[in-house]
Amino acid sequence: AWQKIDVKVYLAFFLILSTGFSASFFATKFQHSATDVGWISIFVSTMGVFYAVLVGFFVVHVWGKYNSIRAEISRDVNSLRNVYLLTRQLSSKRLSAEFARRLAVYIDEVVNTFWASPTKAELNTKFSKLFECFERVKLKMRWDPIFLDKIIEELRISSFSQASLLNLAKEKTPKILWVLLIFLSVTLVFSFIFIGFQDQFLATLLITLISAAVSLVLTLIYDMDQPFRGGFWRISPEPYLQLQEFVKKSR
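Throughout this document, residue positions are counted from 1 along each chain, in the order its sequence is written. Side-chain atom pairs in this predicted model are given and counted only at pLDDT of 80 or more, local residue features only at pLDDT of at least 70, and totals for whole chains, interfaces and linings cover all residues. Hydrogens and water molecules were not included; the side-chain quantities draw on all heavy atoms of the structure.

**Considering the confidence of the model for the protein chain**
Then, in step 1: Scored from 0 to 100, pLDDT reflects the predictor's confidence in each residue. Summing up the model confidence of the protein chain, the mean pLDDT is 83 and the portion of residues at 70 or higher is 89%.
Then, in step 2: Labels follow the DSSP assignment, with helices taken as runs of H or I lasting at least four residues and strands as runs of E lasting at least two, numbered in each case from the N terminus. Predicted confidence in the protein chain is weakest over helix α1 (residues 8-23), with a mean pLDDT of 75, and strongest over helix α8 (residues 238-250), with 90.

The following block contains the structure:
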């Protein structure tokens, strides 16, 4: 389920590109006076600067969230791996086997929550099961308390990472900003149509290139704003799956 591709953004990409390409054939029909051309050029330049500033803000925002999600996933996986390795140092081998079993179930729930159908309550329940493994543990050897303290510390780190991931996954760019960005994108593309070209090939080439650039910008921003969905910038659950495989092979 987590491999399902979100095609809406790519449909929007080709829609904007094809619209710009089709509209470029009307660009040579608009002829303006030198004064009008000057004002249109000023408008296009101003719109381009404003658009660049807005796009820069968008990219910084979604790129920061994208990197934060990747960092939290890495920290979560490392903590869970450390917990599993520490449980193998405890004197109770039964406890290590039980934790490995619950960890596999928890990882399945993590992948399902972030890459399939979000169920925060189920994720929290499965994570609490990991803690329950150590509630009534019997410390037989003198080194058991030391390892147990480290295990609890690593589980706390994993708990913080899980909370951060849930918050980051829920955080989306406000719709009003998307409306503004799409409006400015369409305005910028159509502004070039009204400049008044005399050569059809040049008009089609430039307007199509502008449409492609605008479409790529929107695709990039949307892709990184939806990092758990399928796309070029999709964040993969592979770190969790690799941990699950590691635990399975080492048992």
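**Details of the pattern of salt bridges**
Then, in step 1: Salt bridge, as used here: a side-chain nitrogen of Lys or Arg that lies within 4 Å of a carboxyl oxygen of Asp or Glu. Inspection of every chain in the model, using the stated rule, returns eight salt bridges.
Then, in step 2: For the salt bridge of D225 with K65, the shortest nitrogen-to-oxygen distance reads 3.1 Å. One end of the pair, D225, is in helix α7 (residues 200-225); the other, K65, is in helix α2 (residues 34-87), with 160 residues separating them in the sequence. The pair D225 / K65 is uniform in exposure class, with both members buried.
Then, in step 3: For R75, the salt bridge identified is with E72, shortest N-O distance 2.9 Å. Exposure is judged per residue with a 1.4 Å probe applied to protein chains only, and the accessible area is read against the type maximum: over 50% gives exposed, under 20% gives buried, and values in between give partly exposed.

**What to know about the packing of helix α3 (residues 93-115) against helix α5 (residues 144-170)**
Working note: a packed helix pair is described by the angle between its axes plus the distance between those axes.
Then, in step 1: Here an angle of 0 to 180 degrees is reported between the N-to-C directions of two axes, which are lines fitted to C-alpha atoms, with helices fitted over the stretch in contact. Viewed as axis vectors pointing N to C, α3 and α5 meet at an angle of 15°, and their least axial separation amounts to 11 Å. Put simply, α3 runs roughly parallel to α5. Judged by the sense of rotation from one axis to the other, the crossing of α3 with α5 is left-handed. Together, Y106, T113 and F114 of α3 and Q162, L165, L166 and A169 of α5 make up the contact between the two elements. Comment on the angle field: the value is read as roughly parallel under 35 degrees, roughly antiparallel over 145, roughly perpendicular from 65 to 115, and oblique elsewhere. What makes a crossing left-handed is the near helix being turned counterclockwise from the far one by less than a right angle; a clockwise turn instead makes it right-handed. Contacts are residue-level and defined by heavy atoms, with any inter-residue pair within 4.5 Å sufficient.

**Overview of the side chain of S79**
Then, in step 1: With respect to the helices and strands, the residue S79 is situated in helix α2.
Then, in step 2: Overall, the relative accessible area of 3% leaves S79 in the buried class.
Then, in step 3: Excluding anything up to four places from it in sequence, S79 contacts E154, I157 and S158.

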